[in-house]
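Observations on the model geometry
Listed here are the chains, written in short residue letters.
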Amino acid sequence: MERPKQSTPSPSLKASGDLPGWKQVFWEDFDRGDVPVGEFPGDAYRPKWSAGYKDGTPDTAGQKGKHSGYYPGKVLSVKDGVLDWYLHTEDGVSMGAAPRPKFPNKAENPRRDNSMLYGRYSVRFKADSLRGYKMAWLLWPNSNKWPRDGEIDFPEGDLSESPHGAVHFRSDDPADFKMFNTNKTFTRWHVATTEWSPGKVEFFLDGRSIGVATKNIPKTPMHLILQTESCLPKCPNSTTEGHVQLDWIAVWTRAE
């Protein structure tokens, strides 16, 4: 399938460098050359990226018996300055990928290369409208104790609908969460930003706040995963295929 034509990102939207109250620890705009499908991260991006789960790892729905999974070797590439997910089905299995950046942090027990307690995370992204495929670019607790230690997702949503932000509160109830809708589409470039600070999570889309949560906010270290998968709740048609694209990503820690 032919790749979508790239639009030119506006330099004024890029967010490299420190900000008031935030110290930058990671910046990537995929300017070190192309990497074909099957070779990401390659030599150019390996110091700062992991492809995530190995090919064949069940995704969220796959763990519940759906025919879906993570296949970075069949999905991820870098082309024309963007990280690209080629979402498609092979042999009856719908394929996604969940890469993650590597950035300096103080995580211990276990040590991680993409974990922080509080932070600011910003991505410039777009996607084809693909019913049955979903983005959930998220902060997941290092403890793996969910829902006890919470979860933060943005952007999240079925690619045929609208991206939203979600905070899963510290709770024993998986349904104890709040969503913040954008009423936008995935098919245009957007900048999604999450600010996670003590007692507060705020989401911004294209520089405008879409909501604030202050109840039972996660307060233990979390790690960032760009989780892109399928079959939640319904699997895509076998002929559905297209792309998710990440133009740039920036991460900050709270300034000391």
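Please refer to the structure higher up on the page.
So, a few notes on the structure that sits alongside this text.

Scoring rules and cut-offs
- Residues numbered from 1 in each chain as written.
- Predicted model: local features only at pLDDT ≥ 70, side-chain atom pairs only at ≥ 80, totals over all residues.
- Heavy atoms only, no water.
- Pairing = 2+ DSSP bridges.
- Helix = DSSP H or I, 4+ residues; strand = E, 2+ residues; numbered from the N terminus.
- Disulfide = S-S within 2.5 Å.
- Buried < 20%, exposed > 50% of the residue type's maximum accessible area, 1.4 Å probe, protein only.
- Salt bridge = Lys/Arg side-chain N within 4 Å of Asp/Glu carboxyl O.
- Phe/Tyr/Trp six-rings, centres within 6.5 Å; stacked < 30°, edge-to-face > 60°.
- Lys NZ or Arg CZ within 6 Å of the ring centre and 35° of its normal.
- Core = buried A, V, L, I, M, F, W, Y, C linked by side-chain atoms within 4.5 Å.

Next up on the list: the sheet that holds strand 18 (residues 222-230). Spatially, the six strands line up as an open sheet ordered 9-18-11-12-13-14, and their pairing is antiparallel. In this open sheet, the two strands that pair with only one neighbour each are strand 9 (115-116) and strand 14 (177-181). Judged from the two bridges that link them, strand 9 and strand 18 form a sheet pairing that is antiparallel. In the strand pairing of strand 18, serine 115 is matched with histidine 223.

Moving on: the environment of threonine 239. Positionally, threonine 239 belongs in the loop between strand 18 and strand 19 (242-254). The spacing of threonine 239 and threonine 89 is 150 residues in sequence and 7.3 Å in space, taken between C-alpha atoms.

Take the state of the cysteines next. Tallied over the full model, the rule gives one disulfide. Note that cysteine 231 is cross-linked by a disulfide to cysteine 235, the S-S spacing being 2.0 Å. The sign of the 110° torsion about the S-S bond sets the cysteine 231-cysteine 235 disulfide as right-handed. Judged by its relative accessible area of 1%, cysteine 231 falls in the buried class. Classification of cysteine 235 as partly exposed rests on a relative accessible area of 30%.

A side chain of one charge can pair with a side chain of the opposite charge if their charged atoms are brought near each other. Inspection of every chain in the model, using the stated rule, returns 12 salt bridges. Here glutamate 156 ties to lysine 134 by a salt bridge, and the two come within 3.0 Å at their closest N and O atoms. In this pair, glutamate 156 is assigned in strand 12 (residues 151-158) and lysine 134 in strand 11 (residues 133-141), connecting sequence segments 22 residues apart. On the basis of relative accessible area, glutamate 156 is assigned to the buried category, the value being 9%. Residue lysine 134 is classed as buried on the basis of its relative accessible area of 17%. A salt bridge links lysine 215 to aspartate 176, with the shortest nitrogen-to-oxygen separation between them at 3.0 Å. Of this pair, lysine 215 sits in the loop between strand 17 (208-213) and strand 18 while aspartate 176 sits in the loop between strand 13 (164-168) and strand 14; the two residues are 39 residues apart in sequence, bridging distant segments of the chain. Assessed through its relative accessible area of 17%, aspartate 176 is described here as buried. Sharing partners across several salt bridges, the network here consists of Glu28, Asp31, Arg32 and Lys48.

This brings us to the packing of aromatic side chains. Counted under the stated rule, the structure contains 15 aromatic pairs. An aromatic cluster of at least three residues, connected via ring pairs, comprises Phe26, Phe30, Phe40, Tyr45, Trp49 and Phe103. A cation over an aromatic ring shows up here: lysine 48 above the ring of phenylalanine 26, its NZ or CZ 5.0 Å from the ring centre. Over the ring of tryptophan 252 we find arginine 120; its NZ or CZ atom is 4.7 Å from the centre of that ring.

For the rest of this paragraph, the subject is the nonpolar core. Counting residues in hydrophobic clusters, the biggest one holds 50 residues, and the most contacted among them are Trp49, Trp85 and Leu246. Residues Ala15, Val191, Ala250 and Trp252 belong to the second largest nonpolar core, which totals six residues.

With that settled, the discussion passes to the pairing of strand 19. Most of strand 19 sits inside the fold, with 11 of its 13 residues counted as buried. As judged from the six bridges shared by strand 1 (residues 22-28) and strand 19, these two strands associate in the antiparallel manner. Across the sheet, the residue bridging to phenylalanine 26 is valine 251, located in strand 19. Relative to strand 19, strand 6 (residues 82-90) runs antiparallel, the two being bridged by five bridges. Looking at the pairing, aspartate 84 lines up with glutamine 245 of strand 19. For strand 10 (residues 119-127) and strand 19, the ladder comprises eight bridges, and the chain directions are antiparallel.

Before going further, it helps to spend a moment on the environment of proline 147. Locating proline 147 in the fold gives a position in the loop between strand 11 and strand 12. Residue classification places proline 147 among the buried residues on the basis of a relative accessible area of 12%. The spatial distance from the C-alpha of proline 147 to the C-alpha of histidine 168 is 7.2 Å, given a sequence separation of 21 residues.

Burial analysis of strand 16 (residues 200-205) places five of its six residues in the buried class, the great majority of the element. In this sheet, strand 17 lies alongside strand 16 in antiparallel orientation, the contact comprising five bridges. Along strand 17, the bridge assignment pairs phenylalanine 203 with glycine 211. Counting the residues in the hairpin turn of strand 16 and strand 17 gives two residues, including aspartate 206, whose phi is positive at 55°.

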